[in-house]
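Tertiary structure, described
Here's the letter readout for the chains.
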Amino acid sequence: MADPVPPPLHPVLRYHNYASFLRRRLGGPAARVCVDGGFSCPNRDGTVGTGGCAYCNNDAFTAGIRFPGLPVDEQVRRSLGPARGDASRRRYLVYFQKFTNTHAAPRELRERYRAAISHPSVAGIVVGTRPDCLGDAVIDVLSGIARETYVCVELGLQSVSDDVLRGVNRGHTVAAFAGAAEALVRRGIDAGAHLIYGLPGDTRESFLSAAAFLSGLGIRGVKLHHFHVVTGAPVEAAWRRGEVRVPAYEEYVIACADFLERLSAEVAVMRLAGEAPDPLLLAPRWGKGPREAARDVAALLARRGTFQGALRIRDPERGERRVGP
C-alpha cells in the first residue's frame, strides 16, 4: 500500500494541486477567465530581441481568449455575463495570458488591471510575464492591486540552464528569474513559475534540479510543460530537419513524478502538461493532454508509494540542493 501523504497534498493525487491551493488562499474555489491585455513582447518588439522564443507561436498558447481586441472590462463582462446576486456568484481570476503582461507604462498597467477587477465576480488577477519585465515601478503597481484583491504573477523560467535559455532565444538569465521571484515574494505577491521539459540542449538532470531551485525561492505555484513543436515557431525548421527531438509520453510522466518528489510540498502544481490547438501542433502527438498526464503522474506516485516532496523528507541533501547558474 502507498504511504499516506502529509498535508497540504491531495490524498489521491499525492501532490499539492492548484484547486486545493486556491480554496485555501481565497476562501473558496475560483475558475480562470483569459483576457488579452493588449500587450506586446520585448523579445519581439526590439526591446530585448525581435525573433521571439524559438518554441513560441503565441497563437498556440492563447486559445482560451474569447474576445481579443476588446477593452479588458468588456472582455470580462462578455466572458462572465452580468453581475448576479451574491448567492449565485461564482468567483473568477482574470488571467492576463497573451505575450508579456507587465510590458507597458505603469499607468497603463494600473488601468488594465483595475478594469479586470471591476466585475464583482472577479476575485483577483493572474499576470503572465517575463522576469526581465518586473522593475520597481511595475511591482509597485502590482503591490497596490494586491492590497485590494488577490494577485499572482506567473514568470517564465523554462530552464535553469543559461546555455539552454540562450539556445532558445529567451533573452533573460536564470539570475534574472531568481531576482524577480524574490522581489515579488518580498512584497507579498504570489509568484508562479513555468518550466519546460525537453527543450533543445537541456537535460533530465537540469529539469529535476529546478525543483530544489524553485523550492528555495518561495515560489507558490509551478506549471510544468513538455517541449512541443507548433507550426510557425522558429524551431519548426530544425525539427523538420531532424535536429531536435520531442519527449515521449512515458518519459515525460516519469520526469514529472521525479520532479515532484524533489519539490517542496508547499508549492502548488498548477498544471502538469502543456497543450496546443490540434491544427497547430506538429509534435509530439500523444493523444493525451493535461488531464491524462495528471492522472498518470498521480498513478505513478501511488505505485512508488511516494508523493510530492518525499525526497526532501527522506534525503534532505538530495532534495534541498539549490542549483542554478
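Please read these numbers as outputs of a predicted model, since none were measured by experiment.

Cis rather than trans, the peptide bond between Pro7 and Pro8 has omega equal to 5°. Residue placement: Pro8 occurs in the segment before helix H1 (18-26). Of note, the bond from Ala283 into Pro284 is cis; its omega dihedral lies within 30 degrees of zero at -5°. Among the secondary structure elements, Pro284 is positioned in the loop between strand E9 (281-283) and helix H10 (290-304). Despite not being glycine, Arg14 has its phi angle at roughly 70°, a positive value. Tracing the sequence through the fold places Arg14 in the segment before H1. Judged by relative accessible area, Arg14 falls into the buried class, the value being 6%. A positive phi is found at Asn169, a non-glycine position, where the angle reads about 60°. Assignment of secondary structure puts Asn169 in the loop between helix H5 (162-167) and helix H6 (174-186).

Soluble, globular proteins show a tendency: their nonpolar side chains are buried together. In terms of nonpolar packing, the biggest core is built from 72 residues, with Phe96, Ile125, Leu142, Phe177 and Phe259 touching the most fellow members. Per-element accounting of this core gives the leading share, 8 residues, to helix H9 (residues 249-262). Residues contacting Phe177, with those up to four places away along its chain left out, are Pro131, Leu155, Gly156, Leu157, Ala193, Phe213, Leu214, Leu217 and Ile219. If you look at the next biggest cluster of nonpolar residues, it comprises 21 residues, including Cys53, Val164, Val235 and Val244.

As a further point, take the pattern of salt bridges. When charged atoms on two side chains of opposite charge get close, those side chains can pair. The tally for this structure, following the rule as stated, stands at 21 salt bridges. For Glu74, the salt bridge is made with Arg78, and the minimal N-O distance between the two is 2.8 Å. Of the two residues, Glu74 and Arg78 both sit in helix H2 (residues 72-80), 4 residues apart, roughly one turn of that helix. Judged by its relative accessible area of 43%, Arg78 falls in the partly exposed class.

It is worth spelling out helix H7 (residues 204-215) at this point. With 10 of 12 residues buried, H7 lies mostly within the body of the structure. Burial in H7 covers these residues: Ser206, Phe207, Leu208, Ser209, Ala210, Ala211, Ala212, Phe213, Leu214 and Ser215.

Scoring rules and cut-offs
- Residues numbered from 1 in each chain as written.
- Predicted model: local features only at pLDDT ≥ 70, side-chain atom pairs only at ≥ 80, totals over all residues.
- Heavy atoms only, no water.
- Helix = DSSP H or I, 4+ residues; strand = E, 2+ residues; numbered from the N terminus.
- Buried < 20%, exposed > 50% of the residue type's maximum accessible area, 1.4 Å probe, protein only.
- Core = buried A, V, L, I, M, F, W, Y, C linked by side-chain atoms within 4.5 Å.
- Contact = heavy atoms within 4.5 Å.
- Salt bridge = Lys/Arg side-chain N within 4 Å of Asp/Glu carboxyl O.

Bear in mind that shape data such as this cannot, by itself, settle questions of function.
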